[in-house]
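# Reading the structure
Spelled out, the chains give:
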Amino acid sequence: MTHPAQPKASHFINGEYVEDTAGTPIPVIYAATGEQIATVHAATPAIVEQALSTAKEAQKEWAKMTGTERGRVLRRAADIMRERNHDLSVLETYDTGKPLQETLVADATSGADALEYFGGLAASLTGEHIPLGEDWVYTKREALGLCVGIGAWNYPTQIACWKGAPALACGNSMVFKPSETTPLCALKVAEILIEAGAPAGVFNVVQGMGEVGGALVTDPRVDKVSLTGSVPTGKKVYAAAAAGMKHVTMELGGKSPLIIFDDADVDNAVGGAINGNFYSSGQVCSNGTRVFVQKGIKEKFLARLAERTGNAIIGDPMDEATSFGPMVTENQMNIVLGYIEKGKAEGARLICGGTRADKDGYFIEPTVFADVTDDMTIAREEIFGPVMSVLDFDTEEEVVARANDTEFGLSAGVFTKDFTRAHRVIGNLEAGSCFINSYNDAPVEAPFGGVKASGVGRENSKEAIKHFSQVKSVYVRMGDVEAAF
Ligand code: NAD
């Protein structure tokens, strides 16, 4: 019998499901059991061509609609997503292995937020009038054209919406390629947009590995590429986009600092560290995986952290009581286990976790290392799993310098009751998305993105509009034209 997660076909192009079984089969594995639940096929060159030519054509009419009309489609799609939240959450859990306890509140819901927010903004995207004596300049905010979105595997619904919603609000069309690890959810986003009234071809989904992503990025018809992925992939995609002088948004990896001062409320700081390391089993780009704890509070913090981490309910992601799920794939589990071994070998003190959980599927226990030093591998490289490194510090000046000593710059957080210090420290940290006495909140109203190797551009908020549109300026002369000859 076909598993309920099996999509009708691999791709969604021009308003309908499309199949081409000549493409490489991609198995979809449910991470909690290791069982194959679906198969899709990577896009063949013919499928890529179909998606790009359709999206190129559809964009022209879409951009001619008023912002109010485009916004209405997006807001309807948001409503449909909310109505179907339960089914979409179950699919997200099959796609990623993340527990239903999370997917019910974080995935289709945040996708719907993006559709609603950018649907609301669509009608307000206007230019300026700039008076110049009798003459004037007016500006128009125009669509870029055909945009490509490429997703990572940790938030497949959210990533499709975070890219699709602002792109469509501005009058662009999109070809979206989900991660080959989680190909299912974006198809539902495409289906819902059509149901909500989006013209066929405005939002298309094609499957495939990096090769398909590469074919999309290098196509001369593509005007913009928005990637969520790792830094090495980001460097390749950015370079390929630059060769075609295309716009980019790069949402890449991180190794973000979370700084806890002596005066912090211990339980809130522990809660922030748990949210910033163990949500989605640690598979979150903005995680605060270098937890710097001031020496005076260190042992109290570690004791409370170990106690609360022991309360994690590891198990069947479809059971709403489960609060901690598996790694997305066996490969990712092995990568993370490798980092845990390095942590042990390089002399970090294991506080809790540290092994694969005794279950089917790709579960790793939430793991905390203390006495981590700046030079250890686990403190330098992005692990993308449930491994928290706790480092000690003495002074504010010292911790800021150490926190910034990394190629990454996605997020940063500080816990303290001293607000002057909180703002000063955040002001001195090299990061794009920061938190004071909190960690990892990502409301659509707030800009999201990194500095340094963690990325270029911003998603969400009004900032995203700037990255999915361009300004045309028009000089209007009211009098005669003077010329030298
Ligand atoms: P990845 O870099 O391996 O893949 C990301 C996507 O890029 C996939 O869809 C992949 O098929 C595609 N791709 C790979 N090579 C390509 C190429 N040459 N041209 C075009 N596309 C190509 O990342 P992943 O393992 O799927 O996700 C984990 C990474 O993503 C982590 O580093 C994480 O921090 C990052 N991430 C960042 C954010 C953010 O918003 N900053 C969010 C989630 C994940």
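All figures in this text were calculated on a predicted structure; none of them were measured in a lab. (Residues numbered from 1 in each chain as written. Predicted model: local features only at pLDDT ≥ 70, side-chain atom pairs only at ≥ 80, totals over all residues. Heavy atoms only, no water.)

### Things to note about the pairing of strand β6 (residues 135–143)
The cut-off we apply is this: Two strands are counted as paired when DSSP detects at least two bridges linking them. In this text, helices come from DSSP runs of H or I with a minimum length of four residues, and strands from runs of E with a minimum of two, each type numbered from the N-terminal end.
Direction of pairing for strand β5 (residues 129–132) relative to β6: antiparallel, over a ladder of 4 bridges. The partner of Leu-132 across the bridge, within β6, is Asp-135. Between β5 and β6, which pair antiparallel in sequence order, lie 2 residues; one of them, Gly-133, sits at a positive phi of approximately 65 degrees. Inspection of the sheet shows β6 paired to strand β20 (residues 469–476) by 8 bridges, in the antiparallel sense. What sits directly across from Lys-140, in β20, is Lys-472.

### Quick word on the side chain of Asp-219
Applicable threshold: Only protein chains enter the accessibility calculation, which uses a 1.4 Å probe. A residue is then buried if its area is under 20% of the maximum for its type, exposed if over 50%, and partly exposed in between. The definition of a polar contact used here is a pair of N or O atoms within 3.5 Å, where within protein one atom must be able to donate a hydrogen and the other to accept one, and adjacent residues in sequence count solely through side-chain atom pairs. Any pair of residues with heavy atoms lying within 4.5 Å of one another is described as a contacting pair.
As for its position among the elements, Asp-219 is in the loop between α8 (210–218) and β10 (224–228). Judged by its relative accessible area of 13%, Asp-219 falls in the buried class. Among the polar contacts made by the side chain of Asp-219, one reaches the main-chain amide nitrogen of Arg-221 at a distance of 2.8 Å. Beyond its immediate sequence surroundings of up to four residues, Asp-219 is in contact with Leu-52 and Lys-246.

### Structural notes on the pairing of strand β15 (residues 367–370)
The side-chain alternation of β15 yields two buried faces, one formed by Thr-367 and Phe-369 and the other by Val-368 and Ala-370. Across 3 bridges, strand β14 (residues 349–352) lies against β15 in antiparallel orientation. Counterpart to Arg-349 in the pairing with β15 is Ala-370. Looking at chain direction, β15 and strand β16 (residues 387–393) are connected through 3 bridges and run parallel. Across the sheet, the residue bridging to Phe-369 is Ser-389, located in β16.

### With respect to empty space enclosed by the protein
What counts, and what does not: Using a grid of 1 Å spacing that covers the protein atoms alone, one calls a set of points a cavity when a 1.4 Å probe fits there but cannot get out, and a pocket when the set is open and has protein on both sides within 12 Å along at least five of seven lines; lining residues are those with an atom within 4 Å of a point. Grid points are joined across faces, edges and corners, and a volume is the space filled by probe spheres set on the points. As a working rule, the residues Ala, Val, Leu, Ile, Met, Phe, Trp, Tyr, Cys and Pro are called nonpolar, Asp, Glu, Lys and Arg charged, and the rest polar, with Gly in that last group.
Taken as a whole and assessed by the stated rule, the structure comprises 2 cavities of 30 Å³ or more. Empty space within the largest cavity amounts to approximately 70 Å³. What lines the largest cavity is a set of 13 residues, and nearest its centre among them are Gly-254, Asn-287, Thr-289, Glu-382 and Phe-384. Of the residues in the lining of the largest cavity, the class split is 4 nonpolar, 6 polar and 3 charged. In this model, the second largest cavity occupies a volume close to 50 Å³. Surrounding the second largest cavity, 13 residues form its lining, Pro-257, Thr-406, Phe-408, Gly-409 and Glu-430 being those nearest its centre. Taken together, the residues that form the lining of the second largest cavity break down as 5 nonpolar, 5 polar and 3 charged.

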